[in-house]
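Chain residues, written in single-letter form:
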Amino acid sequence: MAKLKILEFPDPRLRTKATLIDVVDDQLRIFIDDMLETMYEAPGIGLAATQVNVHKRVLVTDVSVEKDEPFVLINPLILEKDGVTVTDEGCLSVPGYYEEVERAEHIKVRFLDRQGDDVELEAHGLLAVCIQHEMDHLDGKLFVDYLSEAKRSRIRTKLEKGRRQQSTVVA
Ligand code: ZN
């Protein structure tokens, strides 16, 4: 397994719309294991392929306390959504920022699992929120897009400044 590099906002590659996966094979499963390792080590509760610069429709999530209930969603499609919940969301691609985002409280989602089997899942609460957040990534969308333009530019400026300082130290 290998740890993958996570792209950070405002990297334009995070805006890429991911394409459908045709074949669920060992090569994809190796990539999924790398995604899980990267997510657990970060640590985060979800990761979309877009965030590691692979523009295919696959995401991983684990919202359990013990970090032993991973979900792998390939080509996810939301069939139903209802209810409203507001969560303080963060993102591995927007490090250090947490803001309230409104999403559906319950979703029914259809996807292929890591064996390539067709699955339908009813998700509530944090799992539902996390899946919606990661599915946004696959469409090139970030949680900061739900914030005001002023707030989003403030975050962008601070993250760009942080990276400049970091690269000076490294150099
Ligand atoms: Zn994210």
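Whatever comes next refers back to the structure up there.
As the structure is a computational prediction, the values presented were derived from the model and not from experiment.

Asks: Please provide a residue-by-residue account of the sheet that holds strand β6 (residues 106-112), values included.
Replies: Overall, antiparallel pairing links the five strands, which are arranged β1-β2-β3-β6-β7 in an open sheet. Of all the strands in the sheet, the pair left with one neighbour each is β1 (46-48) and β7 (118-124). Direction aside, neighbouring strands of the sheet carry axes that sit 40° apart on average. Sheet strands in contact with helix α1 (residues 26-41) are β1, β2 (58-61) and β3 (71-82), and its direction is about 40° off that of β2.

Asks: Describe unusual backbone geometry, listing the residues and the values that go with them.
Replies: With an omega of 5°, the peptide bond between F9 and P10 qualifies as cis. Of the consecutive residues A42 and P43, the connecting peptide bond is found in the cis state with omega at -10°. Relative to the assigned elements, P43 resides in the loop between α1 and β1. Although it is not a glycine, K67 sits at a positive phi angle of roughly 55°. Turning to its location among the elements, K67 is positioned in the loop between β2 and β3. Exposure remark for K67: the relative accessible area of 35% places this residue in the partly exposed category. The phi angle at N75 is positive, at roughly 50°, despite the residue not being glycine. Mapped onto the fold, N75 is located in strand β3. Look at N75 and you get buried, because its relative accessible area is 17%.

Rules used in this analysis
- Residues numbered from 1 in each chain as written.
- Predicted model: local features only at pLDDT ≥ 70, side-chain atom pairs only at ≥ 80, totals over all residues.
- Heavy atoms only, no water.
- Pairing = 2+ DSSP bridges.
- Helix = DSSP H or I, 4+ residues; strand = E, 2+ residues; numbered from the N terminus.
- Axes fitted to C-alpha atoms, helices over the stretch in contact; angles between N-to-C directions.
- Contact = heavy atoms within 4.5 Å.
- Buried < 20%, exposed > 50% of the residue type's maximum accessible area, 1.4 Å probe, protein only.

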